[in-house]
Amino acid sequence: MIDYTIAYTIANALIIIFAALFISLLFHGIERKIVARMQARIGPPLLQPFIDIKKLFMKENIVPDSAVKWLFNLMPIVALSSAIVLFLYIPFGMPAILNEHGDLILVLYLLSIPPLALAIGAFASGSSFAAVGAQRELVLLISYEFVLSVVIFSFAWLLSVCTQNTNVFSLNAPALNPPWSLVGPIGFIGIALLLISTLAVMPGKAGKIPADIAEAKTEIAEGVLVEYSGFNLALLYMTQAVRTFGFAALIVALFFPWNASIFIDIPKDTVLEPIFFILKAGLVMFFSAFFISAAVARFKVDQAARFYISTVFSIALLGLLLILLDLTLRGF
Amino acid sequence: MANEKSKEKVCIPIGPVHPALKEPIQIEVEIQGERVVGTNITLGHVHRGIEWIGTRRNPIQTIYIAERICGICNICHPLAFCQAIENAANIRVPERAEYLRTIYAELERIHSHLLFLGVAAHEIGFDSILHYTWLAREKVLDVIEMLTGNRITKGILMIGGVRRDISKEQASKIREMLSYYEKVYKKLSKIFLDDITIKMRTRDIGVVSKKDALRLCLVGPTARASGIKKDTRQDFPYAAYGDLNVRALTPLDIVGEIRGDSYDRTIMRLIEIKQSMELIERCLKEMPEGPILYEQSLQRLLLNLKSVSGEGVALVEAPRGELIHYIRMEKNDFPSAWKVRAPTYANLHAVGVILNNCELADVPIAVASIDPCISCTNRAVIASEKIVLSQEKLHELCVEKTRAMKGDSL
């Protein structure tokens, strides 16, 4: 007797991986179009990212003589695979495929691997521009990871106090009990503050202005990416797009877990739910990444670090305190 | 920090080809962590021997060579050249031509400064402003095209005057442009005076004190941003500037303090756009009627110039600062000497001071803030040994190289 469930899971996983890749690149195209319009430009065609990827795949893959070759070639694969595996853990309007095998903490790690892989690959390239970029990438990673951990743990703690759920780190937990409905008015403000701080992390996670300091075209000539070309660069290009969409998807799963069937009269658990989820992720990306990137200048690395560690971290901490206060007042 | 000393120094070459640079120049910065501890500048990548070419052509032909010294400063170079010839030959330019020259020079200043504001914004990653300023710059380029027939190399100046007059309809088009730029100026000054991120990236970055600016003989907006009231249009008026009473502006006029940093240098360009707009408006109003050329016949002009013996020096306030042309004529078809000193040549000395103690992230904006124009500056190359290749030798080398490449591919 063949175990059909494994085959079913693998098939589903493949579908989700390719769909996520496609949607990420499509969103990248939409982003370029929207930003272009904000800057009074016409912008590239919507499918430009796909054209770019196709071109990069055809190009020669140059590995510098000074590079540590296996590390240099391995890191783009590590970055893309870890970025894309994330989607197997995120509930897309329906329970995630690998739901019972992973939780929020794993997702946090998966989100941190691409920047680490980028930094390692950059160090392995032996270029001084890439080395500066890698240092910046790591500083940035350390600064925003603080904020994310506060957000994740406030959620877990809130769920553990208010619900009987034992697996509070599960990504399906917020979907079952939307956090906004568990708290009173003070806690509501607290969650809003957590949302703001998470949105502020978005440019850092996605490598967008004002936090694109690891690439910083005019300063260090694309920094971490400077020595990559051809196939490797295509993988990293996709990684950047997938990271942006992945983080937006995580924000949606945590903060906006409601399904479309709550608002409009449609049958439950159809294909409309993932589409609604993608729309929500698109809105999150628009406000946290696209809009901001057209409206501000790039930070310097110390300014970005200070921004995340002091300002955003304080906002997140204040959010946590407000939730704490709310629950204490309501007698939990 | 205590362990700062022990950190390894890394040499980062910025240029000759680098996304932050619009023209080739090599700036080697030595960094410890992210802090710049040493700077070395190498020039000469776009040396074309223009002055040498100019001494092998007659002065009228050389006007067009002078125009091609730089793609942006292509009024001020031929203007300085023409003035130098006029000084040497004692030619008096008709008054209307002087006003027309002033209008062209100020239009060029507007376009150059808008270009700079865009570049400065791009260096700090603020691409929306880059696109906005360059879109606004199209308007002045359109007007220049309408007036002269060309957007960039205008070919409008002539020894002893200008080649085309500005008609009434054209004047009204210019006024229309000025009212458009009133709006642009309002918006840009709102952005540059209020935006926090621009200030974060440029305030107190690359400070040049007034003392340093005097010591290094800086010119133009770079010097004025450090509080030196120095402007060729004010100190040694040429064209119609004597009638217009131009006053050297400093950041004091708009932000109320002088720090001599990248922000001040950026703001200087912004207020000079406003100043140029006012000057053009006054020129249009006060321009007298009359001829626009000292000598209509080019043949006769050349004949006159052939009998000239003497030297001429001209100072022009280019968008980047004081530009000097020197000409020597010795009763010959061609000038026997021509020397150009571009403003960037004086201002590049400030780069060492500017970059001292900057962070690596500040290098592009700090260097860009003096608005360097590299092709203006490249007037000489230093070669370690003298090699002269004849045409035959060059051809031989070409054939050899082609054979080698063919051999590779086969």
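Below is a summary of the structure that appears in this document. (Residues numbered from 1 in each chain as written. Chains lettered and ligands numbered in written order. Predicted model: local features only at pLDDT ≥ 70, side-chain atom pairs only at ≥ 80, totals over all residues. Heavy atoms only, no water.)

Time to look at the overall build of chain A. Within chain A one finds 12 helices and 0 strands. Listing every helix and strand of chain A by position from the N terminus yields α-α-α-α-α-α-α-α-α-α-α-α. Residues counted as buried form 57% of the 332 residues belonging to chain A. Partitioning the contacts of chain A with sequence separation of at least 6, the portion at a separation of at least 24 is 79%. (Helix = DSSP H or I, 4+ residues; strand = E, 2+ residues; numbered from the N terminus. Buried < 20%, exposed > 50% of the residue type's maximum accessible area, 1.4 Å probe, protein only. Contact = heavy atoms within 4.5 Å.)

Each partner contributes residues to the interface: chain A has 23 residues there, and chain B has 28 residues. Of the roughly 2200 Å² buried at the junction of chain A and chain B (both faces included), carbon and sulfur atoms supply 59%. The tally of links from chain A across to chain B stands at 0 salt bridges. At the boundary of chain A with chain B, the tally comes to 4 residue pairs in polar contact (both at pLDDT 80 or more). When grouped by side-chain class, the residues that make up the side of chain A that touches chain B number 12 nonpolar, 4 polar and 7 charged. (Buried area = accessible area lost by both parts, 1.4 Å probe. Salt bridge = Lys/Arg side-chain N within 4 Å of Asp/Glu carboxyl O. Polar contact = N/O pair within 3.5 Å; in protein donor to acceptor, adjacent residues only side chain to side chain. Nonpolar A, V, L, I, M, F, W, Y, C, P; charged D, E, K, R; others polar.)

On inspection of all chains with the given rule, the structure shows 28 salt bridges over all chains. A salt bridge links Glu145 of chain A to Lys205 of chain A; its shortest N-O distance comes to 3.3 Å. Taken together, the residues Glu145 of chain A in helix α5 (residues 128–162) and Lys205 of chain A in helix α7 (residues 185–206) connect sequence positions 60 residues apart. Take Glu145 of chain A and Lys205 of chain A: they sit in the same class, and that class is buried. For the salt bridge of Arg320 of chain B with Asp371 of chain B, the shortest nitrogen-to-oxygen distance reads 3.5 Å. With Arg320 of chain B in the loop between β6 (309–318) and β7 (321–330) and Asp371 of chain B in the loop between α16 (363–368) and α17 (374–377), this residue pair connects regions lying 51 residues apart in the sequence.

What follows covers the sheet that holds β7 of chain B. All names here are of chain B. Taking strand neighbours across the sheet as the criterion, the 3 strands line up as β6-β7-β8 in an open arrangement whose pairing is antiparallel. The open sheet has two free edges, formed respectively by β6 and β8 (337–341), since each of these has just one partner strand. Here the strands of the sheet are splayed against their neighbours by 10° on average, with no regard to which way each runs. Strand direction decides the pairing type here: β7 and β8, joined by 5 bridges, are antiparallel. In the strand pairing of β8, Ile324 is matched with Arg341. (Pairing = 2+ DSSP bridges. Axes fitted to C-alpha atoms, helices over the stretch in contact; angles between N-to-C directions.)

All names here are of chain A. With their axes 9 Å apart at the nearest point, α5 and helix α12 (residues 301–329) run at an angle of 5° to one another. Considering their axes alone, α5 and α12 lie roughly parallel with respect to each other. Across the contact of α5 with α12, the residue classes tally to 23 nonpolar, 2 polar and 1 charged. (Parallel < 35°, antiparallel > 145°, perpendicular 65-115°, else oblique.)

Turning our attention to the sheet that holds strand β3 (residues 35–42) of chain B. Hydrogen bonding along the main chain pairs the strands of a sheet, whether they run parallel or antiparallel. The antiparallel open sheet is built from 3 strands, whose spatial order is β1-β2-β3 (chain B). Looking at the sheet topology across the chains shown, the edges are occupied by β1 (9–14) and β3 of chain B. Pairwise comparison of adjacent strand axes, ignoring direction, gives a mean angle of 20° for this sheet. Note that strand β2 (residues 26–32) of chain B and β3 of chain B share 7 bridges and pair antiparallel. Bridge pairing in β3 of chain B places Gln32 of chain B opposite Arg35 of chain B. Seen against the sheet, α5 of chain A touches β1 and β2 of chain B and runs at an angle of roughly 115° to β1 of chain B.

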